Amino acid sequence: MKKDTITVFTDGSSRGNPGPGGWAAVILAQNFGGQGGKVWELGGREDHTTNNRMEMTAAKEALSFIESHKLEGKIEMHTDSAYLLQGVTGWMYGWEKNGWKTKTGEDVSNQDLWKEIGALVFRLKLKNQIDWVKVAGHAGLRGNERVDEICTNEADHVQQEFFEGTLSDYEKMIGGSVFDVDESAVENKKEKKSKSSKPAYSYVSMIGGLIQLHKTWPECEARVKGKKGAKYKKVFSKEEEDALAQQWTSEVIERK
């Protein structure tokens, strides 16, 4: 991270498309307030949204934060979303000239967010350079892994705290620089991907503290779809099913 650079990682996630979703951003301001760098984590969720809207919302909220906090310097926006990257660096300017219509005359999807992002970019560029950087998703890059964790937790309605503090404390928390590759995260992703391709033993869902077991995904989906605060997970054995049910039950008891 260079001097006087504002480094941003953003990500978005949705459980279903549409479905419940979350967005996240990590903002690092070098030499902020003479503290040797400060970091803010942001995040939020919507009950009914899409992955693309959450990716865009993350970028919009990060840019809005930079503007409202009057952070100045070169802004580097890191995203693993090709849709966001191509839209913000090219597509949206053509759409704007065309009255927010596609080449076929249809209304541009998500134009409300494109307009907000476009306005923020225009205003921020009066004082800042903005570079958009494509990063590989799920490749172990600590900054990207952290926003992925935050946005998926938001989509799943998992309670979490957002960090705000010095850069040195943040690096201790995440185990290194945001530009480091966490090899353990890469291996965990590979393991999860391999595991997810296996047939499910069952699906576990919880709504309002009540846990149910489902043999098929459609059965589970019918219960959780559109339900605020619903949790669900695919499991691969009786032992995993029992352990998850016990974990969720304990979490409910602890919150009471």
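Scoring rules and cut-offs
Residues numbered from 1 in each chain as written. Predicted model: local features only at pLDDT ≥ 70, side-chain atom pairs only at ≥ 80, totals over all residues. Heavy atoms only, no water. Helix = DSSP H or I, 4+ residues; strand = E, 2+ residues; numbered from the N terminus. Buried < 20%, exposed > 50% of the residue type's maximum accessible area, 1.4 Å probe, protein only. Areas by Shrake-Rupley, 256 points an atom, 1.4 Å probe, with all protein chains shown as cover. Pairing = 2+ DSSP bridges. Expected span 1.5 Å × (residues − 1). Contact = heavy atoms within 4.5 Å. Core = buried A, V, L, I, M, F, W, Y, C linked by side-chain atoms within 4.5 Å. Phe/Tyr/Trp six-rings, centres within 6.5 Å; stacked < 30°, edge-to-face > 60°. Lys NZ or Arg CZ within 6 Å of the ring centre and 35° of its normal. Axes fitted to C-alpha atoms, helices over the stretch in contact; angles between N-to-C directions.

Asks: Can you tell me about the overall build of the chain, naming the residues and giving the values?
Replies: Assigned secondary structure in the chain consists of 8 helices and 9 strands. Here the chain holds 256 residues, and the buried ones make up 43% of them. With the model as given, the accessible surface of the chain reaches about 13,700 Å², and the carbon-plus-sulfur share is 50%.

Asks: A description of the pairing of strand β3 (residues 38-49) should follow, citing residues and the corresponding values.
Replies: Bridge analysis of strand β2 (residues 19-29) against β3 gives 10 bridges, and the strand direction is antiparallel. For Leu-28, the partnering residue across the bridge sits in β3 and is Val-39. Note that β3 and strand β6 (residues 164-166) share 3 bridges and pair antiparallel. When the sheet's bridge partners are listed, Lys-38 is paired in β6 with Thr-166.

Asks: A description of helix α1 (residues 51-68) should follow, citing residues and the corresponding values.
Replies: With 18 residues, α1 ought to run about 26 Å at 1.5 Å a step, and its terminal C-alpha atoms sit 26 Å apart, in line with that. Positive backbone phi, approximately 55 degrees, marks Lys-70, located one or two places after α1.

Asks: Can you break down the side chain of Thr-79 residue by residue, with the values?
Replies: Summarising the element assignment, Thr-79 is placed in strand β4 (residues 74-79). Among residues more than four places away in sequence, those in contact with Thr-79 are Thr-10, Glu-55, Leu-84, Leu-85, Val-133, Lys-134 and Val-135.

Asks: Before we move on, could you go through the nonpolar core and cite the residues and values that matter?
Replies: Ranked by size, the top nonpolar core spans 34 residues in total, and within it Ile-27, Met-77, Trp-114 and Trp-132 carry the most contacts. When residues of this core are traced back to their parent elements, those giving at least two are β1 (5-14), β2, β3, α1, β4, α2 (82-97), α3 (111-124) and β5 (130-134). Here the element with the most residues in this core is α1; it accounts for 8 residues. Residues in contact with Trp-132, not counting those within four places in the same chain, are Ala-59, Leu-63, Met-77, Leu-84, Leu-85, Val-88, Thr-89 and Val-121. Leu-141, Val-147, Cys-151 and Tyr-170 belong to the second-largest nonpolar core, a separate cluster that totals 15 residues.

Asks: Tell me what's going on with unusual backbone geometry, and back it up with residues and numbers.
Replies: Residue Pro-18 is bonded to the preceding Asn-17 through a cis peptide linkage, with omega at 15 degrees. Topologically, Pro-18 is positioned in the loop between β1 and β2. Even without being a glycine, Lys-70 presents a positive backbone phi close to 55 degrees. Structurally, the position occupied by Lys-70 is in the loop between α1 and β4. Even without glycine at this site, Trp-100 takes up a positive phi of about 60 degrees. Checked against the element boundaries, Trp-100 lands in the loop between α2 and α3.

Asks: Describe in detail the packing of aromatic side chains, supporting the description with residues and values.
Replies: By the definition in use, this model includes 9 aromatic pairs. Judged by centre distance (5.8 Å) and plane angle (50 degrees), the ring pair of Tyr-203 and Trp-217 falls under tilted. Residue Tyr-203 is found in strand β7 (residues 202-207), and its partner Trp-217 is found in helix α7 (residues 217-224); the two are separated by 14 residues along the sequence. Among the aromatic residues, those joined into a ring-pair cluster are Tyr-83, Trp-91, Trp-95 and Trp-114. Residue placement shows Lys-215 over the ring face of Tyr-201; its charged tip is 4.1 Å from the ring centre.

Asks: Could you give an account of the sheet that holds β5, naming the residues involved and the relevant values?
Replies: With respect to topology, 6 strands assemble into an open sheet ordered β5-β4-β1-β2-β3-β6, the strand pairing being mixed. Every other strand in the sheet has two partners, leaving β5 and β6 as the edge strands with one partner each. Strand-to-strand twist in this sheet, taken as the mean axis angle between neighbours without regard to direction, amounts to 20 degrees.

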